[in-house]
Amino acid sequence: MQVFDPQTIPVPAGHFIGGRLVTDAGRIPVRRPSDNRVHAELPLADAATVDAAVQDAWRALRTSDWARRAPRERARVLRRWADLIEADVRGLAPLEAVCSTRPVRDAGAGDVPFTAEGLRFFAEYADKLGGDVAATRPDHLGMVVAEPYGVVGAITPWNFPLVMVSWKVGAALAAGNAVVLKPSELTPFSAVRLAELAIEAGVPPGMFNVVQGDGQTTGDALTRHPLVAKMTFTGSTRTGASIMAACAVHGPKPVTLELGGKSAQLVFDDAPDLDRLAGIIAGAITGNAGQVCVAGSRLIVQRGVAEALVERIVARFAALRPGATWDDATTLAPIISAGQASRILDIVERSRQTGAELRCGGGLFDGGPGGAYFQPTLISGVAADNAAVQEEIFGPVLTVQTFGDEEEGLELAGHANYGLAAGVHTADIGRALRAMRGISAGTVWINRYGRSADFVIPTGGYHQSGIGKDLGRQAVEANLRFKSVLIDFSEPR
Ligand code: NAD
């Protein structure tokens, strides 16, 4: 059933600076992935507009009392913001769904409450990371005082627009910074609604500004800006590397990078309940149509259970129903763009040409409302150097590799470039813990897969999957710098 009519969803197609929507000539067509129609035109912030947003944030830091305000007051405002977000679910969920790949049902039941709860989590840290008293000689007092950076620049991707924004902005504001955010130009609208609600909650104008535009113009101008003291980025490894290089040249300034992945699901033949496990593994590669940084895209399975598990996963794939994000029967999301769909096709094709066997899927669904819907695809018989094993696909494509003993399984679970996450499935706790130690990744899930609402567990990658963490205490600490203070109170001689 159609939950909303996409034609009737108004979108705030502007920047958000100084507490208000700033509209400008539309320069970037924003399409709906569900039917590939242009929904709105987005303005493009050039260097001057970015400068205005950053200067405004800088002014807000000095003239509003946010950073000096009692931390518990900051926490109260952030919690109020979270409450307003939750109360606005009927507005926010369609706004999120209309130009993204997030089905409205998932956005309403998952992304919106997840966004709100993430902000509450960060609010709780507002008065808990003041610094340390250092162990110095007894007639001295040494302190390490936590202070915000000032203006933090944030750049986010399109795959979970609301949630990604809340992780960046929540941590930065809780630590006392101002934030200038550039959301993905593909999914730019829900961030503006968040900023409006922030004002309503009592975040001072200018503390959270949004500039719209592409990476080359707007993102680059934000990264280079001399008043931006720290950058935080989520997106592809290639873009992250170029932002890091810009931070080195136009600073140097610190940067948190949450990047791509090629995460393994390592299944031993004693893994409990194959039916449930097939559901977990299918879900981890078809959720958001595989357009998830931690998508479990490589199944590494012990030979004894390989065929039984693969059959069950293929059956789960077959039960998925592609559809528009405004249809509540949709269980398989559209691909973000036609260009991304042809990239997926290209990798699958290259994989086949080098000997892989296609067990199901492999192409786009026919028909539908006009967007690109990729069939859940399972590829077996792949060598470790196969394109589908090596490259981040960002689509519903699962490769299967089999192994004999634990050592071989662990060897296959590693990846030459990425180290974002991994799943380990076994009934043997010793084996699970050996695998946890042996896998070089920022997160290892055992007998489950995927992030939970336990925001206290940080997320972030090893190797080319990133530097630093979102979520957890670590995310707030990454938005703080530490001033060393030493006081001499010895008796005058
Ligand atoms: P992307 O790198 O193409 O774009 C991300 C953002 O960077 C966008 O806002 C874009 O406009 C901006 N950008 C592009 N070039 C820029 C430049 N030169 N300077 C400044 N900004 C620039 O990524 P995407 O396609 O939007 O997102 C998909 C990628 O994000 C995948 O690789 C995925 O794994 C990754 N991701 C990682 C995590 C994580 O937590 N590790 C979470 C979500 C997505």
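The structure presented is a predicted model; accordingly, all values stated were derived computationally and were not measured. (Residues numbered from 1 in each chain as written. Predicted model: local features only at pLDDT ≥ 70, side-chain atom pairs only at ≥ 80, totals over all residues. Heavy atoms only, no water.)

Some points on the nonpolar core
Keep this limit in mind: Joining through side-chain atoms within 4.5 Å is the link that ties buried Ala, Val, Leu, Ile, Met, Phe, Trp, Tyr and Cys residues into a set, and such a set is a nonpolar core. Accessible area is worked out with a 1.4 Å probe on protein chains only. A residue is then buried under 20% of its type maximum, exposed over 50%, and partly exposed in between. Secondary structure follows DSSP: runs of H or I at least 4 residues long count as helices, runs of E at least 2 residues long count as strands, and numbering of each begins at the N terminus. Domain start and end points were adopted from an automatic or database domain assignment. Residues are treated as being in contact if the distance between any of their heavy atoms lies within 4.5 Å.
Counting 104 residues, the largest nonpolar core has Trp81, Phe208, Leu309 and Ile313 as the members making the most contacts within it. Ranked by residues supplied to this core, first place goes to helix α5 (residues 161–174) with ten residues. Residues lining this core come from more than one domain, with at least three contributed by each of domain 1 (6–259 + 466–482) and domain 2 (264–454). Aside from chain neighbours lying at most four places away, what touches Trp81 is Leu119, Val169, Leu173, Leu194, Leu197, Ala198, Ala201 and Phe208. Counting residues in each nonpolar core, the second largest holds 19 residues, with Ile28, Ala40, Leu42 and Ala97 among its members.

Some remarks on the UniProt feature "active site" (unreviewed entry) in the protein
The criterion, for reference: UniProt positions are given in the numbering used here, feature names are shortened, and annotations may be inferred rather than shown by experiment.
Taking the UniProt record as the reference, the feature "active site" (unreviewed entry) is found at Glu258. As for its position among the elements, Glu258 is in strand β11 (residues 255–258). Overall, Glu258 belongs to the buried group, its relative accessible area being 6%. Beyond its immediate sequence surroundings of up to four residues, Glu258 is in contact with Lys168, Phe233, Thr234, Gly235, Thr459, Gly460, Gly461, Ser465, Gly468, Lys469 and Asp470.

Points about the packing of helix α9 (residues 274–286) against helix α10 (residues 303–318)
The condition is simple: Think of each axis as a best-fit line through the C-alpha atoms, taken over the contacting stretch in the case of a helix, with angles from 0 to 180 degrees between the N-to-C directions. Here is the rule for angles: anything less than 35 degrees is roughly parallel, anything more than 145 is roughly antiparallel, 65 through 115 is roughly perpendicular, and the remaining ranges are oblique. Crossings are assigned a handedness: left-handed for a near helix turned anticlockwise from the far helix by less than a right angle, right-handed for a clockwise turn.
Contact geometry of α9 with α10 gives a least axis separation of 9 Å together with a crossing angle of 55°. In terms of orientation, α9 and α10 fall into the oblique class. Here α9 and α10 pass one another in a crossing that is right-handed. Contacts between α9 and α10 involve Leu274, Asp275, Leu277, Ala278, Gly279, Ile281, Ala282, Ile285 and Thr286 from the first element and Val305, Ala308, Leu309, Arg312, Ile313, Arg316 and Phe317 from the second.

Considerations on the site of the ligand
Here is the rule: Nearness here has a simple test: a residue counts as near a molecule or strand if at least one of its heavy atoms is within 4 Å of that partner. For the purposes of these results, a polar contact is taken to be a pair of N or O atoms within 3.5 Å, where, inside protein, one atom must be able to donate a hydrogen and its partner to accept one; residues adjacent in sequence count only when each atom of the pair is a side-chain atom. Residue exposure ignores everything except the shown protein chains as possible cover, and the areas themselves are Shrake-Rupley values with a 1.4 Å probe. Think of it as three bins: nonpolar holds Ala, Val, Leu, Ile, Met, Phe, Trp, Tyr, Cys and Pro, charged holds Asp, Glu, Lys and Arg, and polar takes everything else, Gly as well.
Residues in contact with the ligand amount to 29 residues; listed here are only the nearest, Trp158, Glu185, Ser236, Thr239 and Glu392. Here Glu258 contributes a side-chain N or O atom positioned 3.5 Å from an oxygen atom of the ligand. One nitrogen or oxygen atom from the main chain of Leu259 is found 2.8 Å from a nitrogen atom belonging to the ligand. Burial of the ligand by the protein amounts to 87% of the accessible area it has alone, namely 860 Å². Elements represented by at least two residues in the shell around the ligand include exactly α7 (215–224), β10 (228–234) and α8 (237–249). Per-class residue counts for the shell around the ligand are eleven nonpolar, eleven polar and seven charged. Of the residues that make up the shell around the ligand, three or more belong to each of domain 1 (6–259 + 466–482) and domain 2 (264–454).

A short note on the pattern of salt bridges
To keep things clear, this is the line we draw: Here a salt bridge means any side-chain nitrogen of Lys or Arg lying within 4 Å of a carboxyl oxygen belonging to Asp or Glu.
Using the criterion set out here, one finds 27 salt bridges in the structure. Of the charged contacts, one joins Asp111 and Arg102 as a salt bridge, the two residues approaching to 2.7 Å between their closest N and O atoms. A relative accessible area of 4% places Asp111 in the buried class. Of the charged contacts, one joins Glu185 and Lys182 as a salt bridge, the two residues approaching to 3.4 Å between their closest N and O atoms.

Some points on the packing of aromatic side chains
In plain terms, the rule: Only centres within 6.5 Å qualify two rings of Phe, Tyr or Trp (six-membered ring in Trp) as a pair; their planes then separate them into stacked at under 30 degrees, edge-to-face at over 60, and tilted for everything else.
Evaluation of the coordinates by the stated rule reveals nine aromatic pairs. Note on Trp81 and Phe208: the rings are 5.9 Å apart at their centroids and 55° apart in plane angle, and the pair reads as tilted. One end of the pair, Trp81, is in helix α2 (residues 71–87); the other, Phe208, is in strand β9 (residues 208–210), and 127 residues separate them in sequence. Taken together, Phe114, Phe121, Phe122, Tyr125 and Phe455 form an aromatic cluster joined through their ring pairs.

Quick word on the sheet that holds strand β22 (residues 480–488)
Which entries qualify depends on this criterion: Here, a strand pair is defined by DSSP locating no fewer than two bridges between the strands.
Taken together, the three strands give an open sheet; going across it, the order is β5-β6-β22, and neighbouring strands pair in antiparallel fashion. Strands with a single pairing partner mark the edges of an open sheet, and in this sheet they are β5 (131–134) and β22. Averaged over all pairs of adjacent strands, the angle between their axes in this sheet comes to 15°, without regard to strand direction.

Describing α10
Inclusion rule: To estimate the expected span of a helix, count its residues, drop one, and scale the result by 1.5 Å.
For α10, spanning 16 residues, the distance from its first C-alpha to its last is 23 Å, which sits close to the expected 22 Å at 1.5 Å a residue. Looking only at α10, the buried set comprises Val305, Ala306, Leu309, Val310, Ile313 and Phe317. Buried residues in α10 make contact with β12 (263–267), α9, β13 (296–302), β14 (357–360), β15 (377–380) and β16 (397–403).

Some remarks on the sheet that holds β16
Backbone-to-backbone hydrogen bonds join strands into a sheet, with any given pair of strands oriented parallel or antiparallel. In space, the seven strands of this open sheet follow the order β14-β15-β16-β13-β12-β18-β19, with mixed pairing throughout. Unpaired on one side and paired on the other, β14 and β19 (443–446) mark the two borders of the sheet. The average angle at which neighbouring strand axes cross in this sheet is 25°, direction not considered. Alignment of strand β18 (residues 421–425) against β19, held across four bridges, turns out to be parallel. Note that in β19 the partner of Val424 across the bridge is Ile446. Contacts from helix α13 (residues 406–413) reach β12, β13 and β16, with the element oriented near 150° to β16.

Re the domain arrangement of the protein
So the rule is basically this: Using a 1.4 Å probe, buried area is obtained as the accessible area two parts lose upon being combined, added over both of them.
Taken as a whole, the protein is organised into domain 1 (6–259 + 466–482) and domain 2 (264–454). Using C-alpha coordinates to define each centre, domain 1 is positioned 30 Å away from domain 2. Contacts between the two partners involve 24 residues from domain 1, matched on the other side by 26 residues from domain 2. Carbon and sulfur atoms supply 63% of the area that domain 1 and domain 2 bury against each other, a total of about 2,100 Å² over both sides. Interface area lost by domain 1 to domain 2 is led by Ser34, Thr101 and Trp158, which between them contribute 25%. Across the domain 1-domain 2 interface, the total number found is zero salt bridges. Between domain 1 and domain 2 we count ten residue pairs in polar contact (both at pLDDT 80 or more) in total. Counting residues per element, the ones that place at least two in the side of domain 1 that touches domain 2 are α3 (89–98) and α4 (104–124). With three residues, the single largest contributor to the side of domain 1 that touches domain 2 is α4. Within the side of domain 1 that touches domain 2, the residues separate by chemical class into twelve nonpolar, seven polar and five charged.

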